[in-house]
Amino acid sequence: MTIKVGMIGTGYFSMFHAGILSELEGVEITAVYGTSLEKAEAMAAKFPHAIGYANLDMMLDASHLDAVYICVPPMVHGEIELALIKRRIPFFIEKPLSQNNEIPAKVMAELKKTPLITSVGYHYRYSDSIAKLKSEINDQNIGIVLGYYMSSMPKVPWWKDQDSSGGQFIEQTTHIVDLLRYICGEIEEVSAVFGNRILSAQDESVTVADVGTVTLKLHNGIVANLSNTCILPESVDKTGITLFTDQGIVDWSPKHLKVSGIDSTTTFVDIANPYQTESEVFIDAVRTGDSSRILSNYEDAYRTHKVTLAALESAEIGSSVKVK
């Protein structure tokens, strides 16, 4: 059975995912939707079976798609997901779900009425190193967790606008929030401090915070602190999460894991590409109807999204916020 996939969005990540999908056996990119027909047709031309569209309904009604990948900026979500749910077309969606709560709440309400196979691009969950980390801490008691997402500001113009992107904690650090949930459990309360330290003074159109730190209390008593910044020079970055336990330190960064115990230190390096794995799992779920291997569906990702929104609220009001 050939799985026919439509791509929504023509930017970097849409092309990135399409490239992976085009290499999977039994998968064809057959439709591309863009903000202009020129963009859609330019991307579609890279795939032998694809047609470009500038009208979403036309693409969904004409293409007989088995699945759709949604790779658009945060502020564009909403109508796309609702159109797919209406047509019962399974979808993969890149994080974050939106820059606010209104859109994901509407999508979740419709998914409750019309269950559908969904997957969200929290690709770190599919990393070999994260699977290894989870196995390593099975018999360890976690006390505190430190996480970080330190980088430069992305060059796309919508990212620096708070109303469009939601800010760094929602748009990027959501990956670390999601790993905290996936590894340690659900989050009960957050207390955040965000600041405009450097970038808004250089460019008055920057309305996102450029530094921030968030303290999180989990239901099981674990305490965590996640910090981020987007002030670094390009090509300089630091992303990861460190767990401090009764048996030592477990330190993860993308593709690498270091476990330091009383008598030894071991390291582990990823082999598989987690982006490829997440697509293989999603396509298999579409093909078989069995979604049990999907590690982050829309409902689960919504819980991560609500934590990031609570952090933004906490920073705005200056006090801690319970995660609803």
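Residues numbered from 1 in each chain as written. Predicted model: local features only at pLDDT ≥ 70, side-chain atom pairs only at ≥ 80, totals over all residues. Heavy atoms only, no water.

Caption draft 1: Local environment of the packing of helix H1 (residues 12-22) against helix H11 (residues 274-288). It is at 10 Å that the axes of H1 and H11 come closest, and there the two elements cross at 65°. One element, H1, and the other, H11, form an angle in the roughly perpendicular class. With respect to the hand of their crossing, H1 and H11 are arranged in right-handed fashion. Packed against H1, whose contacting residues are Phe13, Phe16, His17, Ile20 and Leu21, the element H11 presents Tyr275, Gln276, Glu278, Ser279 and Ile283 at the interface. Here the residues of the contact of H1 with H11 sort into 6 nonpolar, 3 polar and 1 charged. (Axes fitted to C-alpha atoms, helices over the stretch in contact; angles between N-to-C directions. Helix = DSSP H or I, 4+ residues; strand = E, 2+ residues; numbered from the N terminus. Parallel < 35°, antiparallel > 145°, perpendicular 65-115°, else oblique. Left-handed = near helix turned anticlockwise from the far one by under 90°. Contact = heavy atoms within 4.5 Å. Nonpolar A, V, L, I, M, F, W, Y, C, P; charged D, E, K, R; others polar.)

Caption draft 2: Representation of the packing of aromatic side chains. Counted under the stated rule, the structure contains 11 aromatic pairs. Consider the rings of Tyr69 and Phe282, whose centres lie 5.7 Å apart with planes at 75°: the pair is edge-to-face. Taken together, the positions of Tyr69 in strand E4 (residues 67-70) and Phe282 in helix H11 put the pair 213 residues apart, joining distant regions of the chain. In terms of burial, Tyr69 and Phe282 fall into one category: buried. (Phe/Tyr/Trp six-rings, centres within 6.5 Å; stacked < 30°, edge-to-face > 60°. Buried < 20%, exposed > 50% of the residue type's maximum accessible area, 1.4 Å probe, protein only.)

Caption draft 3: The arrangement of the sheet that holds strand E11 (residues 238-245) in detail. The strand order across the open sheet built from 9 strands is E14-E13-E12-E11-E7-E10-E9-E8-E15, with neighbouring strands paired in mixed fashion. Each edge of the open sheet is held by one strand with a lone partner, namely strand E14 (265-269) and strand E15 (321-322). Looking at chain direction, strand E9 (residues 211-218) and strand E10 (residues 223-229) are connected through 7 bridges and run antiparallel. Bridged to Leu216 within E10 is Ala224. Along the sheet, helix H12 (residues 298-317) contacts strand E8 (187-195), E9 and E15; its crossing angle with E8, the most-contacted strand, is approximately 50°. (Pairing = 2+ DSSP bridges.)

Caption draft 4: Region of the structure containing helix H9 (residues 174-184). In terms of residue burial, H9 counts as a mostly covered element, since 10 of its 11 residues are buried. Regarding H9, the residues found buried are Thr174, His175, Ile176, Val177, Asp178, Leu179, Leu180, Arg181, Ile183 and Cys184. Phi for Gly185, located one or two positions after H9, is positive at around 125°.

Caption draft 5: Looking closely at the nonpolar core. Counting 34 residues, the largest nonpolar core has Leu180, Val190 and Leu243 as the members making the most contacts within it. Element by element, the count of residues in this core is highest for H9, at 6 residues. Setting aside residues no more than four positions away along its own chain, Val190 makes contact with Val214, Thr215, Leu216, Val307, Ala310, Ala311, Ser314, Ser320, Val321 and Val323. Ranked by size, the runner-up nonpolar core spans 28 residues in total, among them Leu56, Val68, Ile70 and Phe91. (Core = buried A, V, L, I, M, F, W, Y, C linked by side-chain atoms within 4.5 Å.)

Caption draft 6: A look at the layout of surface pockets. Computed from the structure, the second largest pocket encloses a volume of approximately 230 Å³. Along the walls of the second largest pocket sit 15 residues, with Leu116, Thr118, Asn297, Tyr298 and Glu299 positioned nearest its centre. Within the residue set of the lining of the second largest pocket, elements represented by two or more residues are helix H5 (102-113) and H12. Classifying every residue of the lining of the second largest pocket gives 8 nonpolar, 4 polar and 3 charged. (1 Å grid on protein atoms, 1.4 Å probe; cavity = no way out; pocket = protein on both sides within 12 Å on 5 of 7 lines; lining within 4 Å. Points joined across faces, edges and corners; volume = space filled by probe spheres on them.)

Caption draft 7: View of the side chain of Glu278. Mapping Glu278 onto the fold places it in helix H11. There is no salt bridge for the buried Glu278, and the closest opposite charge comes from Arg125, which lies 9.2 Å off by N-O distance. Aside from chain neighbours lying at most four places away, what touches Glu278 is His17, Phe92, Glu94, Val120, Gly121, Tyr122, His123 and Tyr126. (Lys, Arg positive; Asp, Glu negative; His and termini not counted. Salt bridge = Lys/Arg side-chain N within 4 Å of Asp/Glu carboxyl O.)

Caption draft 8: Here's a closer look at the sheet that holds strand E2 (residues 27-33). In spatial order, the strands read E3-E2-E1-E4-E5-E6; together these 6 strands make up an open sheet with parallel pairing. Two strands close off the open sheet at either side, each with one partner strand: strand E3 (51-53) and strand E6 (118-120). Recorded for the sheet is a direction-independent mean angle of 20° between the axes of neighbouring strands. With 3 bridges connecting them, E4 and strand E5 (residues 91-93) associate as parallel partners. Residue pairing for E5: Tyr69 is matched across the bridge by Phe92. Together, strand E1 (3-8), E2 and E3 form the strand contacts of helix H2 (residues 37-44), whose direction differs from that of E3 by roughly 160°.

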